[in-house]
Amino acid sequence: MARILIVEKEGASRNTLQHLLEREGHDVVQASGLEDARLQHPADFALVICDSELAGEHADPILRASRPTPVLLLADNPSLHAAIGCLKAGAADYLPKPFDQQAFARSVRDALSLPRQGTPSAAPPPPQAHAGTANKPVEMIGHCRAMQQVYTRIRKVAPADVTVLVLGESGTGKELVARAIHRQSERHQAPLICVNCAAIPETLIESELFGHEKGAFTGATSSRTGLIEAADGGTLFLDEIGELPLDAQARLLRVLQEGEIRRVGAIETRYVDIRLIAATHRNLHQLSASGEFRLDLYYRLNVMEIDLPPLRERGDDVLELAEHLLAGIARKHGRDGMRLSQRARQEIHHYAWPGNVRELENALERGVILAERRIIAPEDLGLRTPSGQPLQATPAATADPAAPSTAQTPKTAGKGAAKGAMKGTVKSAARDASPETAAAPATGQPATSQQDMGQPPPADTPRSGLSVVGDASEEEDLSLEDYFQHFVLEHQDHMSETELARRLGISRKNLWERRQRLGIPRRKGRRSSPAN
């Protein structure tokens, strides 16, 4: 992968960053200060990650020493003014501490994809170099027909220097579309400034976008560059533009028509060259009819339109997204190898997802945190109906109010493998292994209870959330691989490989092959099972 230099004053922070980068396969070198970094010849690295306090005024010293290598800055005390100054000076990105690991990894990937400037052979790559396979942006996931149309529109729109309006419900990934357009455009070397218009108070929106002069209003103790001016030469992404006040809409229209801005409290105008990408979940045409949005601004924005489909209309894409997000969330929480049970996958596939990808990500993070083992059950996701009721309700709980809740674990006659049986009788596993070997206690004693003998449990036996028990019409919760993984992880600490294979009704070779396929390593120092 890439060779990266970390310039950070605190050893713990350096080690944390090194761990994150090495986990992605990068080769990392540490430096404790600017002078130490100069001795390492930062221009020879693929990327330099530097603490903003060590970088110097507007990061000029580290940028000069590292050129043509891109520099990613991390700030303990971030400010908008400092971020704008560093980005205009040439920094690849500016992240506040503490940062989200996924955001950090994305910034590293973006910085590494930037072309190196100042070398004789460094010719600007064509826009297609920033696209994924078959012109699909690398950061976007999905193969349904609606998303294929989105990818095609991005590919056609990106090279054309025109205004783009991205429409879609909240959480569908409108900012990802803006980033994909920017990366595939001729402005990809210039900054992309993202602004959420709904997150800025109405009294400050004009100052934030257009800047202000010293003394323009109470508290304006110095002049300040606006975000539109900071995006000069690059791309400005205005999310939730439907929330922009009418006064700010009039000034933005002037920017689009004439390319000029005037800071709050200033007399002279300044000229800027920006590409505007706007996004909203509201119907701007209806807002224009009601007088909440300027019709002339709407026509200026709607040169090219990209309509993002909601997650509920993307078919099997939701499962592909879930697997991708789950892998990242599991790494974030140190729980690699987490998987969705069969019923959890079905619930994810059929749920309406009113919050779209953002809600899916939150549900998966909840599942990773709440799951007792490596398999996420439907109730771990915590999905709810529009009325606020839990989506997952077990039939036993509804039929018998006195029965224990799904969070309770029923007592069984034995331990070990019977503990696997207490999670429910898995019909698919019963077909693969005999009742004797699939449900016998780990103690080595003969099975005595109905569950241990492979018989159906009594009708009033409570069911846990990880399983389905009862008549054959009910849906299976665990697939064969789910059951195998659960059984091995549950019992490998106190059972030998021979005992595990015997209990599962398979050979030791088959046990080893399944371990390899499912990524379940053998643990060293495992104790043998007690003698009968």
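Looking up the protein in an unreviewed UniProt entry gives the name Sigma-54 dependent transcriptional regulator, with the organism given as Cobetia amphilecti.

Chemist: What should I look at first to understand the sheet that holds strand S8 (residues 235-239) in this one?
Modeler: Within a sheet, each strand pairs with its neighbour through backbone hydrogen bonds, oriented either parallel or antiparallel. Reading across the sheet, the five strands line up as S7-S8-S11-S6-S12 and stay open at both edges, with parallel pairing between neighbours. Edge strands, defined here as strands with exactly one partner in the open sheet, are strand S7 (192-196) and strand S12 (304-307). Strand after strand, the sheet turns through a mean of 15 degrees between neighbouring axes, direction not considered. Pairing geometry for S7 and S8, over five bridges, is parallel. Looking at S8, one finds that Ile193 is bridged to Leu236.

Chemist: Mind showing me how you'd approach the environment of Asp316 here?
Modeler: Tracing the backbone shows Asp316 in the loop between S12 and helix H14 (317-332). Relative accessible area serves as the criterion here: at 55%, Asp316 is assigned to the exposed category. Each C-alpha atom of the pair Asp316 and His350 lies 9.9 Å from the other, and the pair is 34 residues apart in sequence.

Chemist: Even after reading the chapter, I still don't get the side chain of Arg503, so can you show me in this structure?
Modeler: Within the secondary structure, Arg503 sits in helix H23 (residues 497-504). The class of Arg503 is buried, set by a relative accessible area of 4%. Of the polar contacts made by the side chain of Arg503, one reaches the side chain of Glu499; its length is 2.7 Å.

Chemist: For this particular structure, what's the right way to read the side chain of Thr235?
Modeler: Relative to the helices and strands, Thr235 is located in strand S8. If near-sequence neighbours (up to four positions away) are discounted, Thr235 is found in contact with His182, Arg187, Pro191, Leu192, Ile193, Arg275 and Ile277.

Chemist: What is the right way to read the pattern of salt bridges from this model?
Modeler: Think of it this way: side chains of opposite charge can pair up when their charged atoms draw near. Within the structure shown, the criterion is met by 25 salt bridges. Close ionic contact of Arg270 with Glu213 constitutes a salt bridge, the shortest N to O distance being 4.0 Å. Of this pair, Arg270 sits in strand S10 (residues 270-271) while Glu213 sits in the loop between helix H9 (205-210) and helix H10 (227-230), and the two are 57 residues apart along the sequence. The buried category is assigned to Glu213, whose relative accessible area is 18%. Notably, a salt bridge pairs Arg282 with Glu243, separated by 3.2 Å at the nearest N-O pair. Of the two residues, Arg282 sits in the loop between strand S11 (275-280) and helix H12 (284-289) while Glu243 sits in the loop between S8 and helix H11 (246-258), which places them 39 residues apart along the sequence. Assessed through its relative accessible area of 27%, Arg282 is described here as partly exposed. Each of Lys9, Asp51, Glu53 and Asp76 takes part in one network of salt bridges that share partners.

Chemist: Quick question: what am I supposed to make of a positive patch on the surface here?
Modeler: Taken together, Arg23, Arg106, Arg109 and Arg331 make up a surface patch of like positive charges. Considering the arrangement of structural elements, one finds Arg331 in helix H14.

Chemist: I keep staring at the UniProt feature "modified residue: 4-aspartylphosphate" (unreviewed entry) in the protein and nothing clicks. Help me out?
Modeler: UniProt's feature table lists "modified residue: 4-aspartylphosphate" (unreviewed entry) at Asp51, given in the numbering used throughout. The residue Asp51 is located in strand S3 (residues 47-51) in this model. When its relative accessible area of 0% is taken as the criterion, Asp51 is described as buried.

Chemist: Honestly, the packing of aromatic side chains in this entry has me stumped. Any pointers?
Modeler: Aromatic ring pairs are described here by two measures, namely the spacing of the ring centres and the angle between the planes. Going through the model one piece at a time under the given rule, you end up with two aromatic pairs. Relative to Tyr299, the ring of Tyr298 has its centre 5.5 Å away and its plane inclined at 50 degrees; by these criteria the two rings are tilted. Classification of Tyr299 by relative accessible area gives exposed; the value is 51%. Measuring from centroid to centroid gives 4.6 Å for Tyr351 and Trp353, while their planes differ by 90 degrees, and the two rings are edge-to-face. On the basis of relative accessible area, Tyr351 is assigned to the buried category, the value being 12%. Among the residues examined, Trp353 registers a relative accessible area of 1% and is labelled buried. We note Arg3 situated over the ring of Phe45; from NZ or CZ to the ring centre the distance is 4.1 Å.

Chemist: Looking at this model, I keep getting lost on the sheet that holds strand S5 (residues 93-96). Mind explaining?
Modeler: Taken in spatial order, the five strands of this open sheet run S2-S1-S3-S4-S5, and their pairing is parallel. The open sheet has two free edges, formed respectively by strand S2 (27-31) and S5, since each of these has just one partner strand. With direction set aside, neighbouring strand axes in the sheet form an average angle of 20 degrees. Looking at chain direction, S3 and strand S4 (residues 71-75) are connected through four bridges and run parallel. When the bridges of S4 are listed, Val48 appears paired with Val71. Along the sheet, helix H1 (residues 11-23) contacts strand S1 (3-7), S2, S3 and S4; its crossing angle with S2, the most-contacted strand, is approximately 170 degrees. The strands touched by helix H5 (residues 80-89) within the sheet are S4 and S5, with S5 carrying the most contacts at an inclination of about 155 degrees.

Chemist: What should I look at first to understand the pairing of S8 in this one?
Modeler: As a general feature of sheets, a regular strand has side chains that alternate between the two faces. Within S8, five of the five residues are buried, which leaves it mostly tucked inside the rest of the structure. Residues Thr235, Phe237 and Asp239 line one face of S8 and the alternating positions Leu236 and Leu238 line the opposite face, and both faces are buried. Pairing between S8 and S11: four bridges, direction parallel. Opposite Leu236, over in S11, you have Leu276 as the bridge partner.

About the criteria used
- Residues numbered from 1 in each chain as written.
- Predicted model: local features only at pLDDT ≥ 70, side-chain atom pairs only at ≥ 80, totals over all residues.
- Heavy atoms only, no water.
- Pairing = 2+ DSSP bridges.
- Helix = DSSP H or I, 4+ residues; strand = E, 2+ residues; numbered from the N terminus.
- Axes fitted to C-alpha atoms, helices over the stretch in contact; angles between N-to-C directions.
- Buried < 20%, exposed > 50% of the residue type's maximum accessible area, 1.4 Å probe, protein only.
- Polar contact = N/O pair within 3.5 Å; in protein donor to acceptor, adjacent residues only side chain to side chain.
- Contact = heavy atoms within 4.5 Å.
- Salt bridge = Lys/Arg side-chain N within 4 Å of Asp/Glu carboxyl O.
- Patch = residues over 30% accessible without salt bridge, like charges linked within 9 Å, V, L, I, M, F, W, Y side chains within 5 Å.
- Areas by Shrake-Rupley, 256 points an atom, 1.4 Å probe, with all protein chains shown as cover.
- Lys, Arg positive; Asp, Glu negative; His and termini not counted.
- Charge placed at Lys NZ, Arg CZ, Asp CG, Glu CD.
- UniProt positions renumbered as here; feature names shortened; annotations may be inferred.
- Phe/Tyr/Trp six-rings, centres within 6.5 Å; stacked < 30°, edge-to-face > 60°.
- Lys NZ or Arg CZ within 6 Å of the ring centre and 35° of its normal.

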